[in-house]
Amino acid sequence: MQREELQAAIRELKREKNALILAHNYQVPEVQDVADVVGDSLALAQAAARSQAELIVFCGVHFMAETAAILCPDKRVLLPDLEAGCSLAESITAEQLRAWKAQHPGAVVVAYINTSAAVKAESDWVCTSANARKVIEAIPPEQEILFVPDMFLGAWLQAQTGRRMYLWLGECHVHAAMRPEDVHAALEQYPEAEFLIHPECGCMSSTLYSCAVGTLNGRKVTVASTDGMLRYVRQSPAEEFVIGTEVGLLYRLQQENPGKRFHALKPDAICPYMKRITLQGVLRSLQEEVYQVTVPEEIAQRARRALQRMLELV
Ligand code: 13P
Ligand code: SF4
């Protein structure tokens, strides 16, 4: 089947089955085009939580489908490809977190949403890149904080809030590969552009101070989640931007802002997990109702507490 035929079949089946299609900003353009909601981790968690649909097809990665399953226990959540994982979520297990907590009794655990349900169940709070600062600031200053698993986001939060936190040394292999050298090369190559950097990026370690004050070699730099970047660009008078995140976001940026120019900070920053979702996979997922993602209720209950705390705050 051609792309348009596949998309038409998906739309029809979606209506028939009263299904909701959620797609992360890193999905391939043709998948974004059939989604009811395209967004960042926070927007998709919120959309899942308020949905009336019976079936959710999650075009994203496994931890996102798990999050939807936790928030919507009465709905069926499908992930079109079970190999759509996440190197960052893999960087800590519930067992490792329990051992770390035992070394810091009484500490508050904040888990980035890119974690398994079992890790969320061991945590007091969940946060996303869009609300992490708010979550940290909601925790009393005298409390010790264990932050898992992204060290670059953790370091950024420390710089932003002035809080000292214990950081788990995890990373996303796609964002960690964006190095300071890439920033310096882009500064030279695009002398007029503003910089938008995702807090998971490896270049954050050496540009923390610049990012905190908002200028890098005299150029404007903003740290944001993927939806944060979209919001920023919509209201910015600038015409050219360097985008420091997975390249999938450039499709939406360009669609929403046809008159502006976007350059990837690292054009090969491609998440292989996100790209496992295809139109064929989405259609099959709807037809055969595969692959359902479930979370054991005992884990879901504890993970839900940490997630709901975050959703009530934002
Ligand atoms: P956001 O879209 O929430 O900024 O997260 C980025 C990411 O890496 C998701 O896997
Ligand atoms: Fe995970 Fe990184 Fe891919 Fe996001 S971009 S899903 S953090 S591996």
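Placed above this text is the structure.
Residues numbered from 1 in each chain as written. Chains lettered and ligands numbered in written order. Predicted model: local features only at pLDDT ≥ 70, side-chain atom pairs only at ≥ 80, totals over all residues. Heavy atoms only, no water.

A.B. asks: When you look at the pairing of strand β5 (residues 108-112) in this model, what are you seeing that I'm missing?
C.D. replies: Walk down a regular strand and you will see the side chains alternate between the two sheet faces. The buried count for β5 comes to five of five residues, which makes it a mostly enclosed element. Both faces of β5 are covered, namely the face carrying Val 108, Val 110 and Tyr 112 and the face carrying Val 109 and Ala 111. As paired strands, β5 and strand β6 (residues 125-127) are joined by three bridges and run parallel to one another. The residue bridging Val 110 from the neighbouring strand is Trp 125, located in β6. (Buried < 20%, exposed > 50% of the residue type's maximum accessible area, 1.4 Å probe, protein only. Helix = DSSP H or I, 4+ residues; strand = E, 2+ residues; numbered from the N terminus. Pairing = 2+ DSSP bridges.)

A.B. asks: Explain the state of the cysteines to me, please; I cannot follow it from the model alone.
C.D. replies: Cysteine pairs can be covalently joined through their sulfur atoms, and such a bond is termed a disulfide. Taken as a whole and judged by the stated rule, the model has zero disulfides. Left without a disulfide partner, Cys 201 is nearest to the cysteine sulfur of Cys 203, which lies 4.6 Å away. (Disulfide = S-S within 2.5 Å.)

A.B. asks: So what exactly am I meant to see when it comes to the sheet that holds strand β7 (residues 145-148) here?
C.D. replies: Sheets are built from strands that pair by backbone hydrogen bonding, the pairs being arranged parallel or antiparallel. With parallel pairing, the four strands of this open sheet are ordered in space as β6-β5-β7-β8. Edge positions in the sheet fall to β6 and β8 (166-167), since each has one partner strand and no second. In this fold helix α5 (residues 94-103) packs onto β5, β7 and β8, with an angle of close to 160° to the strand it touches most, β7. (Contact = heavy atoms within 4.5 Å. Axes fitted to C-alpha atoms, helices over the stretch in contact; angles between N-to-C directions.)

A.B. asks: Even after reading the chapter, I still don't get the sheet that holds strand β1 (residues 19-24), so can you show me in this structure?
C.D. replies: Spatially, the four strands line up as an open sheet ordered β2-β1-β3-β4, and their pairing is parallel. Among the strands making up the open sheet, the edge pair consists of β2 (37-39) and β4 (76-78). Across the sheet, the mean angle from the axis of one strand to that of its neighbour is 20°, orientation sign disregarded. Pairing of β1 with β2 involves three bridges; the strand directions are parallel. Directly across from Ala 23, in β2, lies its bridge partner Val 38.

A.B. asks: What is the right way to look at the environment of Tyr 190 in this model?
C.D. replies: Assignment of secondary structure puts Tyr 190 in the loop between α10 (180-189) and β9 (194-197). If we ignore the near neighbours within four places in the chain, the residues touching Tyr 190 are Arg 219, Glu 240, Val 242 and His 263.

A.B. asks: Which parts of the structure should I look at to understand empty space enclosed by the protein?
C.D. replies: Rolling a probe over the atoms, with the probe sized like a water molecule, indicates the empty space that remains. Throughout the structure, instances matching the rule amount to two cavities of 30 Å³ or more. One number sums up the size of the largest cavity: a volume of about 240 Å³. Lining the largest cavity we find 28 residues, and of these Tyr 26, Asn 114, His 175, Glu 200 and Met 274 sit closest to its centre. Tallying contributions element by element places helix α9 (residues 173-176) first for the lining of the largest cavity, with three residues. For the lining of the largest cavity, a count of residues per class yields 13 nonpolar, 12 polar and three charged. Approximately 60 Å³ is the volume found for the second largest cavity. Considering the residues around the second largest cavity, the lining is formed by Ser 41, Leu 44, Ala 45, Ala 48, Phe 58, Phe 63, Met 64, Thr 67, Ala 68 and Ile 113. Among the elements of the structure, α3 (41-50) and α4 (62-71) are those that each provide at least two residues to the lining of the second largest cavity. Classifying every residue of the lining of the second largest cavity by side-chain character gives eight nonpolar, two polar and no charged. (1 Å grid on protein atoms, 1.4 Å probe; cavity = no way out; pocket = protein on both sides within 12 Å on 5 of 7 lines; lining within 4 Å. Points joined across faces, edges and corners; volume = space filled by probe spheres on them. Nonpolar A, V, L, I, M, F, W, Y, C, P; charged D, E, K, R; others polar.)

A.B. asks: Sorry, what's going on with the side chain of Glu 66 here?
C.D. replies: Checked against the element boundaries, Glu 66 lands in helix α4. Not counting chain neighbours up to four residues away, the residues in contact with Glu 66 comprise Thr 115, Ser 116, Ala 117, Val 293 and Val 295.

A.B. asks: It is not clear to me how the packing of aromatic side chains should be interpreted in this structure. Could you clarify?
C.D. replies: Any pair of aromatic rings gets described here by the distance separating the centres and the angle formed by the planes. Evaluation of the coordinates by the stated rule reveals two aromatic pairs. Here Trp 100 and Trp 168 contribute two aromatic rings whose centre-to-centre distance is 5.2 Å and whose plane-to-plane angle is 65°, an arrangement assigned as edge-to-face. With Trp 100 in helix α5 and Trp 168 in the loop between β8 and α9, the pair connects residues that are 68 residues apart, well separated along the chain. Aromatic pair Phe 241 and Phe 262: ring centres 5.6 Å apart, planes at 15°, arrangement stacked. Pair noted here: Phe 241 is in strand β12 (residues 240-244) and Phe 262 is in strand β13 (residues 261-264), with a separation of 21 residues, a long-range link. Judged by relative accessible area, Phe 241 falls into the buried class, the value being 0%. Taking the relative accessible area as the measure of exposure, Phe 262 reaches 9% and is therefore buried. (Phe/Tyr/Trp six-rings, centres within 6.5 Å; stacked < 30°, edge-to-face > 60°.)

A.B. asks: What's the story with the site of ligand 2 in this structure? I'm lost.
C.D. replies: Close contacts around ligand 2 come from Tyr 26, Val 61, Cys 86, Ser 87, Asn 114, Cys 172, His 175, Glu 200, Cys 271, Tyr 273 and Met 274, and that covers them all. Its atoms largely coinciding with the cavity grid, ligand 2 occupies the largest cavity. For the shell around ligand 2, a count of residues per class yields seven nonpolar, three polar and one charged. (Near = heavy atom within 4 Å. Sits in = over half its atoms within 2 Å of the grid points.)

A.B. asks: When you look at the site of ligand 1 in this model, what are you seeing that I'm missing?
C.D. replies: In the vicinity of ligand 1 lie 13 residues, with His 24, Ser 41, Ser 129, His 198 and Thr 226 positioned nearest. A distance of 3.3 Å separates an oxygen atom of ligand 1 from a polar atom in the side chain of Asn 114. One nitrogen or oxygen atom from the side chain of Glu 200 is found 3.2 Å from an oxygen atom belonging to ligand 1. In the complex, the protein chains occlude 96% of the 300 Å² of accessible area that ligand 1 would expose alone. (Polar contact = N/O pair within 3.5 Å; in protein donor to acceptor, adjacent residues only side chain to side chain. Areas by Shrake-Rupley, 256 points an atom, 1.4 Å probe, with all protein chains shown as cover.)

Don't take any of this as a statement about function, it's just geometry.
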